[in-house]
Amino acid sequence: MGKATGFMEYDRIETPVRKPKERVNDWNEYSLPLGEADLTIQAARCMDCGVPFCSIGMEIKNGVSGCPLHNLIPEWNDAVYRGDWKEALELLLKTNNFPEFTGRVCPAPCEGSCTVAISEPAVGIKSIEKAIIDRGFAEGWIKPNPPKVRTEKKIAVIGSGPAGLACADQLNQAGHRVTVFEKSDRIGGLLMYGIPTMKLDKESVLRRVQLLEAEGIRFVTGVDCGKDIPYEELKRDFDAIVLATGAGKAREVKVPGRDAKGIHLAVPYLTASIQDLLAGRKEQTLSAAGKKVIIIGGGDTGADCVATALRQGAKSIVQLGRRGKPEEVRAASNPWPEYPNVFQMDYAHQEAEAVYGMDPREYLLSPVGFVKNAAGELTGIRTVEVERDEETKRYREVPDSERIFDADLVLIAAGFEGAEDAVFENFKVKKTKRQTIEAAKGFYRTSEEGIFACGDARYGQSLVVTAIAEGREAAREVDFYLMGETFLP
């Protein structure tokens, strides 16, 4: 695909970004579009590799390798190389309902398993994907396409994150009557209230929701299904129910002093920031302005907290991680086509380095207690160094290694423990050992007749691209359950 010798002739061109010191003064997207000439060169680097590992979408060592959506990457790269952008868009939309989301927030496991990446920097797949969908909207090629025939089967999708929206989109295209319920005041789940606007502008989410609405999907906000609408009523009014409620149960840090004033979970903090921004409020509901901020958790959510606290005017920021600093290049234990566990400077870390003069991350540290004053206010956090036992693969404390960090605000971004307890109580579905809804992959059926589950609620905390794939696959199973056959892709 592309140019047969392109991968030997051209270098990778990174997606351009706005200067860190400039972008921390606003909440706009930090990435910029690549020019068409550069995109053509990037597409030309896609080699005729025979087996496109970029599309395999497999789990290797508990990590995603290749695209879970099995995107037709070589095909649309070839179309871009030839300048046929409309064909590229048609190929992209065959497998991905929302490329405008994945093209912005996906960590690109496709690039980690790109064949070129065995010895050279990968093809810039993510930047090409984003360019294709953005051009599709700019050219007016993407228009409402409601189904021509309706089955009159009614389906309730509970949760409007990427899994719920993808499932709803597919079932609507199959002709079913779909209602999406969201307990928040806006549609989008974590797309709306978990991912900062610097990574994903909310107009992109609103544009897609309006498109889905024009195609016949009904959206209901401010309703907590199972509580505001009883389970029995939903069962009576709908032919099938899909639980796409996410993995909203945050992992806590259970150490002494947790009750100190000034400790908050990451997602509510990010949500409050986005809500304030969308409402046009100048004063932040939960602000890091002038504070010494400690973020517990070294993942993407923690990085988003870094970027948000920076824009709020934090005095200092430290991000604590339990794991060690990754190597600069792939280790022998992390071979291609696994997702590369290598050191990277995320957008937020680039910004923190530009503002404070240093990377905010601290590695191999674990919190053991919070420090508070007589008024119960947070003043610091106690940590110890940890090391990994290569036999047990567990971390153990290093004796006499305690450190104390000053802190006015602590944000806990330690991951998630599965679906919220209310989901199991309200819908009577069974729980796995991982605290997710029991529904086998490939079937997505729960222990309750006519109830299906998909996305993080079934799979556990994962990527937006995995959630979309889950939603699409669950839709096939729902369609088959209702009609006895399915023609959904």
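Keep in mind the model is a prediction, meaning the values are calculated, not measured.

Considering the UniProt feature "domain: Dihydroprymidine dehydrogenase" (unreviewed entry) in the protein chain
- Within this numbering scheme, the UniProt entry marks residues 24-139 as carrying the feature "domain: Dihydroprymidine dehydrogenase" (unreviewed entry).
- Helix makes up 46% of residues 24-139 and strand 5%, whereas the separation of the span's terminal C-alpha atoms amounts to 31 Å.

Thoughts on the sheet that holds strand 10 (residues 361-362)
- Within the open sheet, the five strands sit side by side as 7-15-8-9-10. Their pairing is parallel. Pairing within the sheet leaves two strands with one partner each, and these edge strands are strand 7 (263-265) and strand 10.
- Across the sheet, helix 14 (residues 300-312) is in contact with strand 8 (292-296), strand 9 (316-320) and strand 15 (409-412); its angle to strand 9 comes to roughly 175°.

Side note on the environment of Ser273
- Within the element layout of this structure, Ser273 appears in helix 13 (residues 266-279).
- The class of Ser273 is buried, set by a relative accessible area of 4%.
- Apart from the residues lying within four places of it in its own chain, the contact partners of Ser273 are Trp27, Gln284, Thr308 and Gln312.

Points about the packing of aromatic side chains
- Under the counting rule described, the total for this entry stands at six aromatic pairs.
- Where Phe452 meets Tyr481, the ring centres are 5.4 Å apart and the plane angle is 70°; that geometry is what we call edge-to-face. You can see Phe452 sitting in strand 16 (residues 451-453) and its partner Tyr481 sitting in helix 18 (residues 464-483), a full 29 residues away along the chain.
- We classify Phe452 as buried; its relative accessible area is 1%.
- A cation sits over an aromatic face here: Arg207 above Phe137, 3.6 Å from the ring centre.
- The cationic tip of Lys325 hangs over the ring face of Phe343; the distance from NZ or CZ to the ring centre is 4.7 Å.

Concerning the sheet that holds strand 6 (residues 240-243)
- Pairing in this open sheet of five strands is parallel, and the strands run 5-4-3-6-16 from one edge to the other. On the outer flanks of this sheet lie strand 5 (218-221) and strand 16, each paired with one strand and no other. Strand-to-strand, the axes of this sheet are offset by a mean angle of 20°, without reference to chain direction.
- Looking at chain direction, strand 3 (residues 154-158) and strand 6 are connected through four bridges and run parallel. Across the sheet, Val157 pairs through a bridge with Val242, a residue of strand 6.

A word on helix 11 (residues 202-214)
- With 13 residues, helix 11 should cover 18 Å at 1.5 Å per step; its first-to-last C-alpha distance of 18 Å lies within 8% of that length.
- Taken together, the buried positions of helix 11 are occupied by Lys202, Ser204, Val205, Arg208, Val209, Leu211 and Leu212.
- Residues of helix 11 that are buried sit in contact with helix 6 (99-105), helix 8 (125-138), helix 9 (162-173), helix 10 (190-193), strand 5 and helix 13.
- Between a side-chain oxygen at the N-terminus of helix 11 and the backbone nitrogen of Glu203 the separation is 2.9 Å; the capping residue is Asp201.
- With its phi angle positive at about 115°, Gly216 sits one or two positions after the end of helix 11.

Re the nonpolar core
- Judged by nonpolar contacts, the single largest core of 73 residues is most densely connected at Trp76 and Ile132.
- With nine residues, helix 18 is the single largest residue contributor to this core.
- When residues are assigned to domains, this core turns out to be shared by domain 1 (6-139) and domain 2 (154-248 + 416-483), each giving three or more.
- Grouped together as the second largest cluster of nonpolar side chains are 24 residues, Tyr30, Ala266, Ala303 and Ile317 included.

Considering the environment of Ala407
- The residue Ala407 is located in the loop between strand 14 (403-406) and strand 15 in this model.
- A relative accessible area of 1% places Ala407 in the buried class.
- C-alpha separation for the pair Ala407 and Val371, spaced 36 residues apart in sequence, amounts to 8.7 Å.

Observations concerning the packing of helix 5 (residues 85-93) against helix 8
- At their nearest, the axes of helix 5 and helix 8 sit 9 Å apart, and the two run at 110° to each other. As far as their axial angle goes, helix 8 and helix 5 are roughly perpendicular. For the pair helix 5 and helix 8, contact is made by Trp85, Ala88, Leu89, Leu92 and Leu93 and by Glu129, Ala131, Ile132, Ile133, Arg135 and Gly136, respectively.

Thoughts on the side chain of Arg23
- One can find Arg23 in helix 2 (residues 20-23).
- Here the side chain of Arg23 touches Glu351 through a polar contact of 2.6 Å, side chain to side chain.
- If sequence neighbours within four positions are ignored, Arg23 has contacts with Val17, Arg18, Tyr30, Arg311, Tyr347, Gln350 and Glu351.

Overview of the pairing of strand 13 (residues 394-397)
- Relative to strand 13, strand 12 (residues 378-389) is paired through four bridges, and the arrangement is antiparallel. Residue pairing for strand 13: Asp389 is matched across the bridge by Arg394.
- The turn joining strand 12 and strand 13, which pair antiparallel and follow one another in sequence, is formed by four residues; a positive phi near 65° is taken by Lys393.

Structural notes on the domain arrangement of the protein chain
- Per the domain assignment, the segments of the protein chain are domain 1 (6-139), domain 2 (154-248 + 416-483) and domain 3 (252-412).
- In this structure, domain 1 and domain 3 have C-alpha centres spaced 29 Å apart.
- Facing the 21 residues of domain 1 at the interface are 18 residues of domain 3.
- Taking both sides of the interface into account, the surface hidden between domain 1 and domain 3 amounts to around 1700 Å²; carbon and sulfur atoms contribute 66%.
- If you look at where domain 1 meets domain 3, you find two salt bridges.
- Between Glu338 and Lys61 there is a salt bridge; the shortest N-O distance is 3.2 Å.
- Counting the contacts that link domain 1 with domain 3 gives 12 residue pairs in polar contact (both at pLDDT 80 or more).
- Those elements that provide at least two residues to the side of domain 1 that touches domain 3 are helix 2, strand 2 (63-65) and helix 7 (109-112).
- Looking at the side of domain 1 that touches domain 3 element by element, the count peaks at three residues for helix 2.
- Among the residues making up the side of domain 1 that touches domain 3, the classes are represented as 13 nonpolar, four polar and four charged.

So, how was this worked out
Residues numbered from 1 in each chain as written. Predicted model: local features only at pLDDT ≥ 70, side-chain atom pairs only at ≥ 80, totals over all residues. Heavy atoms only, no water. UniProt positions renumbered as here; feature names shortened; annotations may be inferred. Helix = DSSP H or I, 4+ residues; strand = E, 2+ residues; numbered from the N terminus. Pairing = 2+ DSSP bridges. Contact = heavy atoms within 4.5 Å. Axes fitted to C-alpha atoms, helices over the stretch in contact; angles between N-to-C directions. Buried < 20%, exposed > 50% of the residue type's maximum accessible area, 1.4 Å probe, protein only. Phe/Tyr/Trp six-rings, centres within 6.5 Å; stacked < 30°, edge-to-face > 60°. Lys NZ or Arg CZ within 6 Å of the ring centre and 35° of its normal. Expected span 1.5 Å × (residues − 1). Polar contact = N/O pair within 3.5 Å; in protein donor to acceptor, adjacent residues only side chain to side chain. Core = buried A, V, L, I, M, F, W, Y, C linked by side-chain atoms within 4.5 Å. Domains from an automatic or database assignment. Parallel < 35°, antiparallel > 145°, perpendicular 65-115°, else oblique. Buried area = accessible area lost by both parts, 1.4 Å probe. Salt bridge = Lys/Arg side-chain N within 4 Å of Asp/Glu carboxyl O. Nonpolar A, V, L, I, M, F, W, Y, C, P; charged D, E, K, R; others polar.

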